[in-house]
Amino acid sequence: MLHLSEADLGGLLFAIPIGQLFAMPFSGKVVTKYGSRKISILGLLMYGTCLLMLSLATVSWHLAIALFLFGFFGNFCNIAVNTQGVYTQQLFDKPIIGSFHGSWSLAGFCGALVGLVMLAFRLTTFQHFAIAFGFVILIVLTNAKFILKSKVKQTENKESYSFFKNPDMTLIWLGIICFCGMASEGIMFDWSGVYFKEIVKAPGALVVLGYTTFMISMASGRFLSDFLVHKYGGKKVLMLSGIVISAGLYMAVLFPYLIPCTIAFMMVGFGVSNVVPIIFNAAGNNEKVPPGIALTMVTSISFLGFLIGPPLIGFIAEMTSLKYSFAVIGVFGVFITVLVSRLKIFK
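Source: prediction; values computed, not measured. (Residues numbered from 1 in each chain as written. Predicted model: local features only at pLDDT ≥ 70, side-chain atom pairs only at ≥ 80, totals over all residues. Heavy atoms only, no water.)

Draft legend 1. Main features of the overall build of the protein chain. A tally of helices and strands in the protein chain yields 15 helices and 0 strands. What you see for the protein chain is a C-alpha radius of gyration of 20 Å, in line with the 20 Å of a compact globule of 347 residues. If one aligns the C-alpha atoms of the protein chain with their principal axes, the spans along those axes are about 60 × 50 × 35 Å. When each of the 347 residues of the protein chain is scored for burial, the buried share is 48%. The contacts in the protein chain between residues at least 6 apart in sequence include a share of 83% that link residues at least 24 apart. When the accessible surface of the protein chain is totalled, it reaches about 17,700 Å², and 71% of it is carbon and sulfur. Measuring between centres, the 23 positive side-chain charges of the protein chain sit 10 Å from its 12 negative side-chain charges. (Helix = DSSP H or I, 4+ residues; strand = E, 2+ residues; numbered from the N terminus. Rg over C-alpha atoms; globule rule 2.2 N^0.38 Å. Buried < 20%, exposed > 50% of the residue type's maximum accessible area, 1.4 Å probe, protein only. Contact = heavy atoms within 4.5 Å. Areas by Shrake-Rupley, 256 points an atom, 1.4 Å probe, with all protein chains shown as cover. Lys, Arg positive; Asp, Glu negative; His and termini not counted. Charge placed at Lys NZ, Arg CZ, Asp CG, Glu CD.)

Draft legend 2. Fine view of the side chain of Ser 217. Along the chain, Ser 217 falls in helix H9 (residues 209-232). Here Ser 217 falls in the buried class, since its relative accessible area comes to 10%. A distance of 2.5 Å separates the side chain of Ser 217 from the backbone oxygen of Met 266, its partner in a polar contact. (Polar contact = N/O pair within 3.5 Å; in protein donor to acceptor, adjacent residues only side chain to side chain.)

Draft legend 3. Highlighting the nonpolar core. In this structure, Tyr 195, Phe 265, Ile 279 and Phe 326 are the most contacted members of the largest nonpolar core, which totals 80 residues. Of the residues forming this core, the biggest block, 12 residues, is contributed by helix H8 (residues 169-198). Contacts of Tyr 195, omitting those with residues within four sequence positions, involve Val 200, Ala 252, Val 253, Cys 261, Phe 265, Leu 322, Lys 323 and Phe 326. (Core = buried A, V, L, I, M, F, W, Y, C linked by side-chain atoms within 4.5 Å.)

Draft legend 4. Geometry of the packing of helix H2 (residues 15-34) against helix H3 (residues 36-56). Across the interface, H2 lies against H3 with an axial gap of 6 Å and an inter-helix angle of 120°. Accordingly, the angle class assigned to the pair H2 and H3 is oblique. Contacts from Val 30, Val 31 and Tyr 34 in H2 reach Ser 36, Lys 38 and Ile 39 in H3. (Axes fitted to C-alpha atoms, helices over the stretch in contact; angles between N-to-C directions. Parallel < 35°, antiparallel > 145°, perpendicular 65-115°, else oblique.)

Draft legend 5. How the structure looks around the pattern of salt bridges. Summed over all chains, the structure comprises 1 salt bridge. The partner of Arg 222 in a salt bridge is Glu 185, and the shortest N-O contact between them spans 3.8 Å. Residue Arg 222 is found in helix H9, and its partner Glu 185 is found in helix H8; the two are separated by 37 residues along the sequence. Considered together, Arg 222 and Glu 185 belong to a single accessibility category, that of buried residues. (Salt bridge = Lys/Arg side-chain N within 4 Å of Asp/Glu carboxyl O.)

Draft legend 6. Geometry of a nonpolar patch on the surface. Taken together, the side chains of Leu 113, Leu 116, Val 117, Leu 119, Phe 121, Leu 123, Ile 131, Phe 135, Leu 138 and Ile 139 present a nonpolar region at the surface, about 1,000 Å² in accessible area. Among the elements of the structure, helix H5 (97-120) and helix H6 (125-143) are those that each provide at least two residues to the nonpolar patch. Here Leu 119 lies in helix H5. (Patch = residues over 30% accessible without salt bridge, like charges linked within 9 Å, V, L, I, M, F, W, Y side chains within 5 Å.)

Draft legend 7. Seen up close, the packing of helix H13 (residues 291-319) against helix H14 (residues 322-329). Two elements in contact, H13 and H14, have axes whose closest approach is 7 Å; the angle formed by their N-to-C orientations is 135°. On the basis of their axis angle, the class for H13 and H14 is oblique. The hand of the H13/H14 crossing is right-handed. On H14, the residues that touch Leu 312, Ile 313, Ile 316 and Ala 317 of H13 are Leu 322, Tyr 324, Ser 325, Phe 326, Val 328 and Ile 329. (Left-handed = near helix turned anticlockwise from the far one by under 90°.)

Draft legend 8. Highlighting the state of the cysteines. Applying the stated rule across the entire model yields 0 disulfides. Not part of a disulfide, Cys 178 finds its nearest cysteine sulfur in Cys 180, a span of 9.4 Å. (Disulfide = S-S within 2.5 Å.)

Draft legend 9. Local environment of H6. Taking 1.5 Å as the rise per residue, H6 with 19 residues should run 27 Å; its terminal C-alpha atoms sit 27 Å apart, in good agreement. For H6, every residue scored as buried is listed here: His 128, Phe 129, Phe 133, Val 136 and Val 140. Buried residues along H6 cover an arc of 130° about the axis, so they all sit on one side. Turned more than 90 degrees away from the buried face of H6 sit Phe 135 and Leu 141, all of them exposed. (Expected span 1.5 Å × (residues − 1). Arc of directions from axis to C-beta.)

Pasting the structure below:
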C-alpha cells in the first residue's frame, strides 16, 4: 500500500527505538508514582491500539507516528511488567523470573506462527491486528485481577530518589553488564543470517539455521535459568554465561562451517538467555531505588546495546570482515564475567 523502498522502510523502523528512548527518562517515575499494576494495564491497551494504528497508515508519516507511539508505549509496558515480575519473584523462595522472560521468547515464536496463519487465510493487515487487539483486551479483562499492587511502603520510602543527584553505581554496572549481553543478543538478531550466508556459505533455506537455533537455545535457556540460579546462584550462572557467549562467538569465527557455527550460535543463545532475567531481578531489588526507576536506569543503559551492537558490526565488517567484527563482539562476554566477579550483590 505504501510502496516503500528498503531504505525508506529501514528509516521508518528507526521510529520504534526513538519512541522507546523518548519514554525512558520518565517511564520509571510514572510507574513508581501510579503503580506498575495500572501502567501495565493502560500500557498494554495503548500498545494494542498502536498496533491498529500501524495497520491504518496510508502515508509514510502516518506509519512513522504509529511506530513512534508503538515504541513509546512499549517502553512503559516493559518497565511496568518487569516491575510486576520483580514483585512476583519476591513472593517465592525459589527463582521463577527466568520463566517470565522465557515466555517472552516463546511469544515471539507464537507471533511469527500466527502471522503465517493469517497470511494463509489471506487476511488484511487490519484484520490481523484487530484480532490481535481483541486478544489483548480479552487477556486484560480476564487477568487484571491477578496483577499485583505496588508495595506502598517501598514506593514511599524511595519516591524522592534522584539518580542525577545521587547516582547508584551498582545500577550503572548492572546496566553495563546488561549492555554487553544485549549487544551480543542484538547482533544475533540482525547478523546471524548474514553470517551464515556470507561466511558459512550455508545453502538455500539453511541460511536461517543459525538464527533459528539461537532463538530456540535462548528460549530454552531462560526456562532453565531459574533451576540453574536456584542450584548454583546468580553470580556463578552469569559468569559462566559470559564465558559461553565469548566461546560461542569465537568458535563461529575460528570454525566457519555449518555444524560448528550452528553449535556456536546455540551457545551464544544459551549464554545471553540468563543475562536479562538475573540482572533485571537484581536491579528491581535494589534497596535504595524504586523498582520502576531502577529498571528504567538499567534498561536505558542496556538498550544502547541493541542500538550500537548491530551498526558496530557493520562498521567493523566494512573495514575488515564480518568474521573480525564477531570476534570484537566476543569480548563482551569476557566483560560480563569480569564485571560480575567484582560485584558483591550476587550470591
